[in-house]
Amino acid sequence: MPEFDMMLPVDRKCVKIYTLRKAEIMEKARILQNKTYLYLTEFFAGMSVMAVELGASRLLAPYFSSSQIVWTIIIGTIMIAMALGNIYGGKKADQNPDPDRLYARMILAALWIAAIPVVGKYIILGISALLIFTVSSKFLIWAAFSACMVIFVFPLFLLGTVTPSLVKYTVDSLSDNGRTVGMLNAFNTIGSILGTFLPTFVTIPAVGTSMTFLIFAGILLALAFIYFLSAKRGGKKIGLGILIFVLCCIFGSSGSFAFWEKGLAYEGESVYNYLQVKEDEDSVILSTNVLFGVQSIMKKDHGLTGMYYDYALAAPFMAGVYEKEQMDVLILGMGTGTFASQCERYFYNMQIEGVEIDEKITDLAGRYFELPEDIPVTTYDGRAYLNAVDKKYDVIMVDAYQDITIPFQMSSVEFFYLVQNHLADDGVMVVNMNMRGSKEGNMNQYLADTISQVFKNVYTIDVPGSTNRELFASKSPHMLEAMHDNMALSADFELTELMDRVAAGLDAYEPGDYLLTDDRAPVELLGMQVIDEIIREQVEYYRAVYEREGLRGLLDQL
C-alpha cells in the first residue's frame, strides 16, 4: 500500500490523506456524519452573532445613546472580532481539525455572552468612571469603543472561528467544495436574518435585553452539549457549563440598567428605547437614558414644571390663543404629554393631537402621567405624519429626540418647510433645542440657521438652569404683538408672570450660514460636541476634588 501511495499524483495523494483524516474526525462524534447538524451549527452561530450585535446596541444605548456613531462603533468592533476569528479558526482548522476544540470554543463564547447581563453594566460604568477623568474630548466615542472591545470582542472572535472549522468537516472532495461552502454561507446568512429580526421585534420587547443574551447563549450551549453527548465525552465541560449558565440566569435576568436606583416605579424596554419612570413626592419623571436627561415630567400639584415645557407655553400666546374659538395644536414628540397636559390646564379652547413613535411611552403616559383621555396620540414618525395629513395647525411643537439628538430627518430645511406648510397664516412653531453649546458652529446654530431659511420671524430664549433653548418661528410678523395682547387676557397670575419673563428674554435671531439638509445633517457629531462640553463642565469640580483630596475625598463627595 505505501508503494502504491508513492505512485499516486500529488493532488490525489492529498485528497486521500484529507479523506482519511476527515473520516477520523467524523468518528469522534457520529452526529457530525450528518451534515444537517453542521449546517444547523452554522445557522445558529450566524443567528447568535446578529442577536449579540443588536443586544450590544441596547446594552450601550441607556448609557451612550443609540446614535449612528454608537452603531458605527458596535458594527466596526464586531467586524474586527469576526475577521480575526475567521483567520484564527482557519489556521487552527488546518493545524488540528478536532471538532472538540470548536464546540469547546462555542461553550466558552456562550458562557461569556450569558455573563454579559451579570457584569456588562458594571464594566460600562467602570470604563466610564476611568475615562471621565482621563479623556478630555469625544468621551462617548472612547467609552463606547472601550466597552465594546472589552465586552463583545472575545465571544464574537470565538464565534468567528465556526465557519472555517465547519468547512473542514463538511467538504467531501474538491469537486463539491463550492456547493458545500455555499450551503454553509446560506445557512449562516439565513440565521443572521432571523438573528436580526427576532431580538428587535420579539425577545427584547417581550423579555428585555438581558434575557435576550441568555436565550441565545442557551442556544449555543445546547448545540455544543448535544455534540459532546453524542461523542460520549466532555462531561466536565457540560456540568461546569450548566452550572455557570444557571448562575448567570439567576443573577443576570433582572435586567436593571440603573442598578443604583431604588424604588423605580417602572424600568423596561421598548422597540426604540430604554424606559425608566421615577417618582418622588413632587413629581413623576420619564427618562430614556440611565445617566442623564428628563424626557417628560408631571408635577403632582399640576403646576408649572420649572423646565422648558413652561417656556413653550408662549407659543399659544403668540398664535392668539384667546382670540380664537378653537386652537389646533400638534405635538411632534409627544412623550408622556407634559406640554399637552399644560395646554389643557391653562387654556380652555385647545384641540390637541400628539405624535409619538414609541407606543410604549404612550402606554406609560396613561399609567403614570395622567395624560387626558381626550388627547389622541398617533404612533408614527413625526415627519411621516406631516406627509400623511393636510390639516393646518395654530401651534406645532417639535420635541422629537432620539436619545441626545434630534432625528436628522426632523432637523433639515426640507422638514421645516413641511412644518411651515401645515401652519396657519398666524401659526407658530416652537422647537425645543436641548443642545446649547458655546462653540462656533454648534448644534443650536445649525438648527436656528436652518429654520431661519424657512421662517422670517425667529426668536429664541435660553431656559435657566438647563441646556435647553426654546425657538419660536412664524410666518406672521405680528407674533410678539399677539403674545402681549393675549397675555393681557390671561387670568392665571403664575402663568402671566412667567410669560412676562419670557417676553423680556426673547431675542430676535440673527441667522448665519449653517444649514442642515436631508442630504447632510450630521446631528450626531454636533450633539457629541455638546455632550463633551457638558461632561467637561460637570467633571471639572470632581477632578479638582480628586487632585486635592484623593480617591477618598472623591467618594465622600459622591
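Refer to the structure printed above.
All figures in this text were calculated on a predicted structure; none of them were measured in a lab.

**Student:** Looking at this structure, I do not really get the overall build of the protein chain. What am I missing?
**Tutor:** For the protein chain, the helix and strand inventory stands at 21 helices and twelve strands. Taken across its 558 residues, the protein chain has 54% of its residues classed as buried. A separation of at least 24 residues holds for 73% of the contacts in the protein chain among residues at least 6 apart in sequence. Working note: accessible area of the protein chain is about 25300 Å², and carbon and sulfur atoms make up 59% of it.

**Student:** What am I meant to see in the sheet that holds strand β5 (residues 327–332) here?
**Tutor:** Where strands meet in a sheet, backbone hydrogen bonds hold them as pairs that are either parallel or antiparallel. Read across the open sheet, the eight strands follow the order β7-β6-β5-β8-β9-β11-β10-β12; overall the sheet is mixed. Single-partner strands in this sheet number two, and they are β7 (377–378) and β12 (507–508). In this structure, strand β6 (residues 350–355) lies alongside β7, joined through two bridges in parallel fashion. Each bridged residue has a counterpart across the sheet, and for Gly354 the counterpart in β7 is Val377. Where helix α17 (residues 413–421) meets the sheet, its contacts fall on β5, β8 (393–398) and β9 (423–433), and the angle it forms with β9 comes to roughly 140°.

**Student:** Sorry, what's going on with helix α11 (residues 235–252) here?
**Tutor:** Under the 1.5 Å per step criterion, the end-to-end length of α11 is 25 Å for 18 residues, consistent within 8% with the ideal 26 Å. Taken as a whole, α11 has its buried residues at Ile238, Gly241, Phe245, Cys248 and Gly252. Down the axis of α11, the buried side of the element spans an arc of 95°, and every buried residue falls inside it. Along α11, exposed side chains directed more than 90 degrees from the buried face belong to Lys236, Ile250 and Phe251. On its buried face, α11 is in contact with α5 (99–132) and α10 (209–231).

**Student:** Explain the packing of aromatic side chains to me, please; I cannot follow it from the model alone.
**Tutor:** Aromatic rings considered in pairs are described by the distance between their centres and by the relative angle of their planes. This structure, assessed with the given rule, holds 18 aromatic pairs. Ring geometry for Tyr63 against Phe64: centres 6.5 Å apart, planes inclined by 55°, an arrangement best described as tilted. Take Tyr63: its relative accessible area is 1%, and that puts it in the buried class. Taking relative accessible area as the criterion, Phe64 reaches 1% and is therefore assigned buried.

**Student:** Help me understand the packing of helix α3 (residues 35–64) against α10 in this model?
**Tutor:** Each packed pair of helices is defined by two parameters, the angle between the axes and the distance between the axes. Packing of α3 against α10 leaves a shortest axis separation of 9 Å and a crossing angle of 160°. One element, α3, and the other, α10, form an angle in the roughly antiparallel class. Judged by the sense of rotation from one axis to the other, the crossing of α3 with α10 is left-handed. Each residue belonging to the contact of α3 with α10 can be placed in one class, and the counts come to 17 nonpolar, four polar and one charged.

**Student:** How do you make sense of the sheet that holds strand β2 (residues 274–279) when you look at a structure like this?
**Tutor:** The strand order β1-β2-β3-β4 describes an open sheet built from four strands, whose pairing is antiparallel. Edge positions in the sheet fall to β1 (266–269) and β4 (296–299), since each has one partner strand and no second. Geometrically, the sheet is characterised by an average inter-axis angle of 10° between neighbouring strands, direction not taken into account. Across four bridges, the pairing between β2 and strand β3 (residues 283–287) is antiparallel. Within β3, the residue paired with Gln276 across the bridge is Ser287.

**Student:** Explain unusual backbone geometry here, please?
**Tutor:** Most peptide bonds adopt trans geometry, and most residues besides glycine take a negative phi value. Positive phi is not limited to glycine here, since Lys232 has a value of about 60°. Considering the arrangement of structural elements, one finds Lys232 in the loop between α10 and α11. Despite not being glycine, His302 has its phi angle at roughly 60°, a positive value. Here His302 shows up in the loop between β4 and α12 (308–312). Here His302 falls in the partly exposed class, since its relative accessible area comes to 41%.

**Student:** Would you mind going over the environment of Tyr39 with me for this structure?
**Tutor:** With respect to the secondary-structure elements, Tyr39 resides in helix α3. A relative accessible area of 9% places Tyr39 in the buried class. Once the C-alpha coordinates of Tyr39 and Thr163 are considered, the two residues, 124 residues apart in sequence, prove to be 9.9 Å apart. When residues no more than four places from it in sequence are discounted, the contact partners of Tyr39 are Thr180, Met183, Leu184 and Phe187.

**Student:** Please clarify how the environment of Ser341 should be interpreted in this entry.
**Tutor:** Within the secondary structure, Ser341 is located in helix α14 (residues 338–346). Spatially, the C-alpha atom of Ser341 lies 8.4 Å from that of Glu370, the residues being 29 residues apart in sequence. Ignoring anything within four residues of it in the chain, the contact list for Ser341 reads Glu370, Leu371 and Pro372.

**Student:** Could you clarify how one ought to interpret the nonpolar core in this entry?
**Tutor:** As a rule of thumb, nonpolar side chains are buried together in soluble globular proteins. Ranked by size, the top nonpolar core spans 68 residues in total, and within it Phe64, Tyr103, Phe152 and Leu156 carry the most contacts. The dominant element in this core, judged by the number of residues it contributes, is α5, at 13 residues. Excluding anything up to four places from it in sequence, Leu156 contacts Val49, Val52, Ile78, Ala81 and Met82. If you look at the next biggest cluster of nonpolar residues, it comprises 46 residues, including Ile297, Leu304, Ala315 and Phe317.

**Student:** Looking at this structure, I do not really get a negative patch on the surface. What am I missing?
**Tutor:** On the surface, Asp280, Glu281, Asp282, Asp301, Glu494, Glu497 and Asp500 cluster together into a patch of negative charge. Inspection of the secondary structure assignment puts Glu494 in helix α20 (residues 493–505).

**Student:** What should I look at first to understand the state of the cysteines in this one?
**Tutor:** Think of a disulfide as a covalent bridge from one cysteine sulfur atom to another cysteine sulfur atom. Tallied over the full model, the rule gives zero disulfides. Cys249 provides the cysteine sulfur closest to Cys248, a residue in no disulfide bond, and the two sulfurs are 7.0 Å apart.

**Student:** Before we go on, may I ask you to explain the pairing of β3 in this structure?
**Tutor:** Remark: a regular strand shows side chains that alternate across the two faces of the sheet. The buried count for β3 comes to five of five residues, which makes it a mostly enclosed element. Side-chain alternation along β3 places Ser283, Ile285 and Ser287 on one buried face and Val284 and Leu286 on a second face that is also buried. Joining the antiparallel neighbours β2 and β3 is a turn of three residues. As defined by bridge partners, β3 adjoins β4 across four bridges and the pair is classed as antiparallel. Bridge pairing in β4 links Ile285 to Ile297.

Criteria and cut-off values
Residues numbered from 1 in each chain as written. Predicted model: local features only at pLDDT ≥ 70, side-chain atom pairs only at ≥ 80, totals over all residues. Heavy atoms only, no water. Helix = DSSP H or I, 4+ residues; strand = E, 2+ residues; numbered from the N terminus. Buried < 20%, exposed > 50% of the residue type's maximum accessible area, 1.4 Å probe, protein only. Contact = heavy atoms within 4.5 Å. Areas by Shrake-Rupley, 256 points an atom, 1.4 Å probe, with all protein chains shown as cover. Pairing = 2+ DSSP bridges. Axes fitted to C-alpha atoms, helices over the stretch in contact; angles between N-to-C directions. Expected span 1.5 Å × (residues − 1). Arc of directions from axis to C-beta. Phe/Tyr/Trp six-rings, centres within 6.5 Å; stacked < 30°, edge-to-face > 60°. Parallel < 35°, antiparallel > 145°, perpendicular 65-115°, else oblique. Left-handed = near helix turned anticlockwise from the far one by under 90°. Nonpolar A, V, L, I, M, F, W, Y, C, P; charged D, E, K, R; others polar. Core = buried A, V, L, I, M, F, W, Y, C linked by side-chain atoms within 4.5 Å. Patch = residues over 30% accessible without salt bridge, like charges linked within 9 Å, V, L, I, M, F, W, Y side chains within 5 Å. Salt bridge = Lys/Arg side-chain N within 4 Å of Asp/Glu carboxyl O. Lys, Arg positive; Asp, Glu negative; His and termini not counted. Charge placed at Lys NZ, Arg CZ, Asp CG, Glu CD. Disulfide = S-S within 2.5 Å.

By themselves, these figures tell us nothing about what the structure is for.
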